[in-house]
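These are the residues of each chain, in order.
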Amino acid sequence: PQDADSAAEMVGQIEEVLERTATEGVQHLFTGGVHANMASASRAIAADLSRTIGWSLGLVLLVLVISFRSWKAPLVLLAPLVAANLATFALMDLVLGAINTWTSFATALLVGLGVAFSVHLARRYLEEVAAGREVEDALAVAWDGVAPPCATAALTSTAAFAALMLARYLGLAHLGFALAAGLM
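What counts, and at which threshold
Residues numbered from 1 in each chain as written. Predicted model: local features only at pLDDT ≥ 70, side-chain atom pairs only at ≥ 80, totals over all residues. Heavy atoms only, no water. Helix = DSSP H or I, 4+ residues; strand = E, 2+ residues; numbered from the N terminus. Expected span 1.5 Å × (residues − 1). Bend = angle between axes of the 7 residues up to and from the residue. Buried < 20%, exposed > 50% of the residue type's maximum accessible area, 1.4 Å probe, protein only. Contact = heavy atoms within 4.5 Å. 1 Å grid on protein atoms, 1.4 Å probe; cavity = no way out; pocket = protein on both sides within 12 Å on 5 of 7 lines; lining within 4 Å. Points joined across faces, edges and corners; volume = space filled by probe spheres on them. Axes fitted to C-alpha atoms, helices over the stretch in contact; angles between N-to-C directions. Parallel < 35°, antiparallel > 145°, perpendicular 65-115°, else oblique. Left-handed = near helix turned anticlockwise from the far one by under 90°. Nonpolar A, V, L, I, M, F, W, Y, C, P; charged D, E, K, R; others polar. Phe/Tyr/Trp six-rings, centres within 6.5 Å; stacked < 30°, edge-to-face > 60°. Lys NZ or Arg CZ within 6 Å of the ring centre and 35° of its normal. Salt bridge = Lys/Arg side-chain N within 4 Å of Asp/Glu carboxyl O. Polar contact = N/O pair within 3.5 Å; in protein donor to acceptor, adjacent residues only side chain to side chain.

Section: the environment of Ala 116
Thinking step 1. Within the secondary structure, Ala 116 sits in helix H4 (residues 106–130).
Thinking step 2. Through-space distance from the C-alpha of Ala 116 to that of Leu 77 is 9.7 Å; in sequence the pair is 39 residues apart.

Thoughts on helix H5 (residues 135–163)
Two residues of an α-helix separated by three or four positions point the same way, owing to the 3.6 residues in each turn.
Thinking step 1. With 29 residues, H5 extends 40 Å between its outermost C-alpha atoms, agreeing within 8% with the 42 Å of an ideal straight helix rising 1.5 Å per residue.
Thinking step 2. Along its length, H5 reaches its greatest deviation from straightness, about 35°, at Ala 147, and the proline Pro 148 lies no more than four positions downstream.
Thinking step 3. Of the residues making up H5, those classed as buried are Ala 138, Ala 142, Val 146, Ala 147, Cys 150, Ala 154, Thr 158 and Phe 161.
Thinking step 4. For H5, the secondary structure elements touched by its buried residues are H4 and helix H6 (170–183).

Digging into the layout of surface pockets
Thinking step 1. Of the volumes computed, that of the largest pocket is approximately 790 Å³.
Thinking step 2. Residue lining of the largest pocket: 31 residues in total, with Leu 77, Pro 80, Phe 117, Ser 118 and Leu 121 positioned closest to the centre.
Thinking step 3. At the level of elements, helix H3 (72–96), H4, H5 and H6 are the ones that each hand at least two residues to the lining of the largest pocket.

Remarks on the packing of H3 against H6
Thinking step 1. In the contact formed by H3 and H6, the axes pass within 10 Å of each other and the chain directions differ by 140°. As far as their axial angle goes, H6 and H3 are oblique. Judged by the sense of rotation from one axis to the other, the crossing of H3 with H6 is right-handed. The residues of H6 that touch H3, namely those facing Thr 88, Leu 91, Met 92, Val 95 and Leu 96, are His 174, Phe 177, Ala 178, Ala 181 and Gly 182.
Thinking step 2. Partitioning the contact of H3 with H6 into residue classes produces seven nonpolar, three polar and no charged.

Looking at the packing of aromatic side chains
Thinking step 1. According to the stated counting rule, one finds zero aromatic pairs in the structure shown.
Thinking step 2. The ring centre of Phe 68 lies 4.0 Å from the NZ or CZ of Arg 123, which sits over that ring.

Considering the pattern of salt bridges
Thinking step 1. Per the counting criterion, the structure on display carries two salt bridges.
Thinking step 2. Salt bridges sharing partners connect three or more residues here, namely Arg 124, Glu 128 and Arg 133.

Re the side chain of Glu 128
Thinking step 1. Along the chain, Glu 128 falls in helix H4.
Thinking step 2. A polar contact of 2.6 Å, which involves the side chain of Glu 128, links it to the side chain of Arg 133.
Thinking step 3. When near neighbours in sequence (up to four residues on either side) are disregarded, Glu 128 contacts Arg 133, Ala 138 and Val 141.

Some remarks on the side chain of Thr 107
Thinking step 1. Mapping Thr 107 onto the fold places it in helix H4.
Thinking step 2. Relative accessible area serves as the criterion here: at 4%, Thr 107 is assigned to the buried category.

Regarding the packing of H4 against H5
Thinking step 1. Where H4 contacts H5, the axes come no closer than 8 Å and their chain directions differ by 160°. Taken together, H4 and H5 sit at an angle that is classed as roughly antiparallel. Seen along the crossing, H4 lies across H5 with a hand that is right-handed. Across from Leu 113, Phe 117, His 120, Leu 121, Arg 124, Tyr 125, Glu 128 and Val 129 in H4, the residues of H5 making contact are Val 135, Ala 138, Leu 139, Val 141, Ala 142, Trp 143, Gly 145, Val 146, Cys 150, Ala 153, Ala 154 and Phe 161.
Thinking step 2. When its residues are assigned to classes, the contact of H4 with H5 shows 16 nonpolar, two polar and two charged.

Description of unusual backbone geometry
Trans peptide bonds make up most of the peptide bonds, and negative phi angles are found at most residues other than glycine.
Thinking step 1. For Arg 69, which is not a glycine, the phi torsion comes out positive at approximately 55°.
Thinking step 2. By the secondary structure assignment, Arg 69 is in the loop between helix H2 (34–68) and H3.

Have a look at this one:
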């Protein structure tokens, strides 16, 4: 098998056979090879991914709650960020076939980078509302002032991450794809 799911299934079948054929006093141990290593790496990546997603979102939420002194704004800011990360994972699965050790780092990086753009827009909007502008006007002024520099920052970061796709090492190239796609 060339993919982690098939490797995990095969390793599981081998482990079942070892359990069924166990003899008292005799220890069976499957030490692996490439398929066991692939299955083990896949389990480790899944565990790390869950942990890093939880910690990155949790810490960013904490900083936003403290900064905005509210739960409402941070939740509004994080909702599109979570949706964008889910879309990035779906795209990685379609294009790359799986999430690997390198691409699993993308989530924490994208959460940190992505929330920055939202914070700039939200802060500018709140400044305009505090200055007495109506909601629609405040949003238009904030968008007009913040969108061009944020778009430039996103494009320059995307270009830098896209350059990683030229790496000879496939993991690094996949990370470049994940980060470039995630920012766009």
